[in-house]
Amino acid sequence: MTKLLQTIVDGLGVGSTYALLALGISLIFGVMHLVNFAHGELITVGAYTSYFFFLHGGSWWWMPFVIIASAMLASVATELVAFRWVRNSSPFTLLLTSFALERLSHALWQIFVSPKQRAFPKPSWVFNQFKIAGVSFEVMDVVTIAVTAATLVLTAVIFKRTLFGISVRGAAEDFDAARLMGVRANRVISGAFAFAGFLAGVAACLILMRSPAAEPSMGSDWLLKAVIAAVIGGLGSFTGAVVGGLVLGLLETLTRAYLPDLADGWDKFSTAVVFVLIALFFVVRPDGIFKVSHAERV
Amino acid sequence: MNIGLAKVTRSTLASTALIAIVATLAMAYTSGGGASRDSLIAEMLTNFILVLGMQVFIGNTGVLSFGHMAFAQIASYATAVVAIPIAAKAKSLPDIPFGLADVEVGAFSATLIAIAVTMVLGALFGVAVCRASGLAPTMITLAALFVVDQVVKNWKELTRGAGGLSGIPRIEGNGWLWVGAFVALVVAHLFQETRIGRFAIATREDELAAPALGIRLFSSRYAAWAVSMGLTALGASLRAQSLGSVNPKQFTLDAGILVLVMLVVGGMHTVSGAVLGTVLITVGNEIFRQLGDPQRLGIERFPDLFLGGTMLLVMLLRPSGILGDRDLAGWLRRRMYRRGPAVEIEPQVGERALVASEIEVLFGGFVALDGAGLTVRPGEVIGLIGPNGAGKTTLFNVITGIVPEQAGRVALGDRDLTDAKPVDVARAGLARTFQNLRLFKNLSVRENVALTALVAARHRGHRARPDPDTLLDDAGLTEWADRPAGTLDYGNQRRLELARAAALAPEFLLLDEPTSGMSDQESLAMVQSVRSVAARIGAGVLVIDHDLGFITRISDHIVVLNEGRVLAEGTPAEVRANPLVAEAYLGSSA
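Here the structure is a predicted model, which means the values were calculated and not measured.

Quick look at helix α2 (residues 41-55) of chain A now. Residue and element names in this part refer to chain A. Over its 15 residues, α2 extends 21 Å from the first C-alpha to the last, a length consistent with the 21 Å expected when each residue adds 1.5 Å. Listed in full, the buried residues belonging to α2 are Glu41, Leu42, Ile43, Thr44, Val45, Gly46, Ala47, Thr49 and Ser50. Among the structural elements, α3 (63-81), α4 (91-112), α8 (185-210), β4 (213-214) and α9 (218-233) are those in contact with the buried residues of α2. Just past α2, the residue Gly57 takes up positive phi, approximately 75 degrees.

Attention now moves to the interface of chain B and chain A. Contacts between the two partners involve 40 residues from chain B and, on the opposite side, 38 residues from chain A. Counting residues per element, the ones that place at least two in the side of chain B that touches chain A are α5 (107-131), α6 (136-154), α12 (253-266) and α14 (302-317) of chain B. Sort the elements by how many residues they give to the side of chain B that touches chain A and α6(B) lands first, with 11 residues. Here the side of chain B that touches chain A is built from residues that sort into 26 nonpolar, 10 polar and four charged.

Let us now look at the domain arrangement of chain B. All names here are of chain B. Taken domain by domain, chain B comprises domain 1 (5-335) and domain 2 (354-586). Here the C-alpha centre of domain 2 lies 43 Å away from the C-alpha centre of domain 1. On the domain 2 side, the residues contacting the 17 residues of domain 1 number 21 residues. Of all the secondary structure elements, the ones that give two or more residues to the side of domain 1 that touches domain 2 are α9 (195-205) and α10 (209-212). Ranked by residues supplied to the side of domain 1 that touches domain 2, first place goes to α9 with five residues. Partitioning the side of domain 1 that touches domain 2 into residue classes produces eight nonpolar, two polar and seven charged.

Residue and element names in this part refer to chain B. Strand β11 (residues 557-562) sits mainly inside the fold: five of its six residues count as buried. Judged from the four bridges that link them, strand β5 (residues 381-385) and β11 form a sheet pairing that is parallel. Across the sheet, the residue bridging to Leu384 is Val559, located in β11. Bridge count for β11 against strand β12 (residues 565-570) is five bridges, and the pairing is antiparallel. Bridge pairing links Leu561 to Val566 in β12. Connecting β11 to the next strand, β12, in antiparallel fashion are two residues, including Glu563 with a positive phi near 50 degrees.

So, about the sheet that holds strand β7 (residues 415-416) of chain B. All names here are of chain B. Across the sheet, which stays open at both edges, the four strands sit in the order β4-β3-β6-β7 with antiparallel pairing between neighbours. Taken across any chain shown, the strands that pair with only one partner, and hence form the sheet edges, are β4 (366-376) and β7. Contacts between helix α16 (residues 392-399) and the sheet are confined to β3 (354-363), β4 and β6 (407-412), with β3 contributing the most and set at about 115 degrees to the helix.

Once that is clear, we can look at the sheet that holds strand β8 (residues 430-432) of chain B. Residue and element names in this part refer to chain B. Overall, mixed pairing links the six strands, which are arranged β8-β9-β10-β5-β11-β12 in an open sheet. Unpaired on one side and paired on the other, β8 and β12 mark the two borders of the sheet. Taking each pair of neighbouring strands and ignoring which way they run, the sheet shows an average axis angle of 20 degrees. Relative to strand β9 (residues 508-512), β8 runs parallel, the two sharing three bridges. Paired with Leu430 across the two strands is Phe508, which belongs to β9.

Further remarks concern the environment of Gly540(B). All names here are of chain B. Note on placement: Gly540 falls in strand β10 (residues 540-544). Gly540 sits in the buried class, given 25 other C-beta atoms within 10 Å. The contact partners of Gly540, leaving out residues within four places of it in the chain, are Leu354, Val376, Arg377, Pro378, Gly379, Glu380, Glu507 and Phe508.

Residue and element names in this part refer to chain B. Among the five residues in β9, five count as buried, and that is most of the element. Burial of β9 is two-sided: the residues Phe508, Leu510 and Asp512 facing one way and the residues Leu509 and Leu511 facing the other way are all buried. In terms of strand pairing, β9 meets β10 through five bridges, oriented parallel. From the neighbouring strand, Asp512 faces β10, where its bridge partner is Ile544. A crossover connection joins β9 to the parallel β10 through helix α21 (residues 520-537); in handedness this β-α-β unit is right-handed.

What follows covers the nonpolar core. By size, the foremost hydrophobic cluster in this structure holds 287 residues, and its most contacted members are Ala204(A), Leu52(B), Met311(B) and Val541(B). Sequence-distant contacts of Val541(B), that is, excluding residues within four places in its chain, are made with Val381(B), Ile382(B), Phe508(B), Leu509(B), Leu511(B), Val530(B) and Ala534(B).

A negative phi angle characterises most non-glycine residues, just as the trans form characterises most peptide bonds. All names here are of chain B. Positive phi values are uncommon outside glycine, yet Leu437 reaches one of about 50 degrees. Topologically, Leu437 is positioned in the loop between β8 and α18 (445-459). Taking the number of C-beta atoms within 10 Å as the measure of exposure, Leu437 has 21 and is therefore buried. Here the phi dihedral of Glu513 falls at roughly 50 degrees; this positive angle occurs in a residue that is not glycine. Examined against the element boundaries, Glu513 turns out to sit in the loop between β9 and α21.

Residues and elements named next belong to chain B. Per-residue pLDDT for chain B has a mean of 89; in total, 98% of the residues score no lower than 70. When the elements of chain B are averaged for pLDDT, helix α24 (residues 579-586) gives the smallest value, 76, and helix α11 (residues 217-243) the largest, 95. For this predicted complex, the interface confidence comes out at an ipTM of 0.87, alongside a pTM of 0.89.

So, how was this worked out
Residues numbered from 1 in each chain as written. Chains lettered and ligands numbered in written order. Predicted model: local features only at pLDDT ≥ 70, side-chain atom pairs only at ≥ 80, totals over all residues. Helix = DSSP H or I, 4+ residues; strand = E, 2+ residues; numbered from the N terminus. Expected span 1.5 Å × (residues − 1). Buried ≥ 20, exposed ≤ 12 C-beta atoms within 10 Å, placed from the backbone. Contact = placed C-beta atoms within 7 Å. Nonpolar A, V, L, I, M, F, W, Y, C, P; charged D, E, K, R; others polar. Domains from an automatic or database assignment. Pairing = 2+ DSSP bridges. Axes fitted to C-alpha atoms, helices over the stretch in contact; angles between N-to-C directions. Right-handed = clockwise from strand over helix to strand, strands pointing away. Core = buried A, V, L, I, M, F, W, Y, C linked by C-beta atoms within 7 Å. pLDDT = per-residue confidence, 0-100.

Put into structure tokens, the structure is as follows:
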């Protein structure tokens, strides 16, 4: 029971980071049908920014704001220099454009900083543990879950209540119609990128507190998981992105924890098992858990 | 498979020309000497085959796959475990399963075994990849990459884990690699010439229009996948035998992306594009590697910058790649094209009526169709009109299987089509056009019509089939036959869609707003076009239009829909005289 509870908290911790990233990917997909493979690079941007600030006396008290701001700026910048120019191209072209940005980002960090890892200090309390009713939890897991929950509530409020949020949802539903209703395309898209950047920035803070180091290709693994989570949830669906992220996180930690019990010697294959399950899921439900029907006239 | 002699000749010609160009360049380069130059050529040739492997699937179907490297890995390890000499295997893989310890085969057999193993595993996996739609196939292939990677790293008895395997007998020189590259070129060219290959391309061009014209998504994609697996295995096996070793680092996502960049930079739609991309990226990579050398600029990983930069530039400036849809084989195909003798077909009016009855469709809470129905008798022209939102297009979509109905029945004679999928509806004899034009835009005008003629040849053999060139003549499009369909003006695109549907030799043509966006004069001409095409193939017509003038001129009988129900029907004169129609259609003030 204790093990199960700890595993679930672990899983929710990892899963909520996936959820934040997946939400950004889903949001961008909603407004411009782009599966943004450069989204994970925002974590890298946040990491290098932290590294530079810590070189000049940074502190974890105000670092999260810097990380979030850098991720937002970088996100908006990718739209300005690249995605804006291919906005009306096929989803395939959009995807490859983001891929190119990802490659370019890796190369630039490698060339201008270093291919090697650059570490900086972590907050002192990260690996502290505390006990409730005999079950010990990691502080960081709880912080991750709480911060994610708060961010999701904030996101929900913004998208339900503010004009910006409603414009973005309208644009995600039917871009042309939204435009006819007076929603400004450039502004909505820039805003969506800024918000996706904000979400990635929050995720980056959570990731960097745990493993405070910058590395050129650190964003890729997170990105792939987040894309998978977003597609599991149903691309374009906000609820789906969150559910997809949590499901993926739980699936990973539960398999890792319980697979050896089920089949001896299979612990080495936990990732393989997870991905076989994911592949099977896509065969059964290619559109994800929450299918989003796009405004496409036949 | 219908592989005619002309197709084989054409594919071989194009392949020979391409390989001759590459060989000339390679010879000029290697004549400067040095074993490193030969090994760069070896690398380029194996990349060549891997890129062509990707081209066959990704280029023809438009479905992005990250998983090709997973299957390249399977092929490489399959090669290694059967080719490494028994003595060496006893040392490096003492616990190898499946009785492989006593197996040692030559280079040729090892390659064939690798291809067979990969194609079998690929065939299983391909079912999942090709059944799914949207982004799911891409995700499934990505999952394959992770699964194979972890299995290879951890199934140490078979693969020796992350360290990889060495001691694969090396093939001497680059001769066999050239042969492999040539074979890959011929296969990739030939696939585009086969019927199933053309169908795959049609699904890439329009995932919705292809099934509506009788092309099954799954089978055409699956064929592309199978051939693609074979080529990927060939490339990977040859590479393993050229390098003499394999390890998991050769098959990461990054390695796959390198191959993908080669494909998209040249232009993924064509074999010529794949070849150009491979040469450019291999050469560029080498130049940047040398520039980044510690003795020159001293920049580590300089080639990565080149790769990312090139890919971004190509996407921003020429998203379809440097060559786009231009291609040696396509040029040959056009040059070698000869019109067959014009055969006048005897118009064969069908015997079955198309009946839709009591159709109900709900979109959420909105009632789109509320018991509407209609009957089109053989050879008859029925006009379907009604105000916006009356449910005209929805009724079309129900009849053609695109939208499922909650209640009601659709039948063609005694053939029940109520739950039939679009592809089966089309094959049964209903061909449709789309309100918002769904041509195969990157294919030539002739190709658009020829594609459905191919479907007709296979599934509509019992009917007299019109000659595609005659249809183009009738539509006044012969002049533009070799142009990409997407470059035609609006009116001509509409006429092409009509010709494309007619080429299916259907019993009924379903036309969704064939005159939208046309001038009055063009609309008048369209009345003539539709009538003459329908008469030529002996088809009945169901046509939706907003243009009352057009509808009354063209129709024998008119059905008026309003709020999902049939409001009135009759001859054009009767409908015109009906006060209910005037009220619904023009508003009460009219």
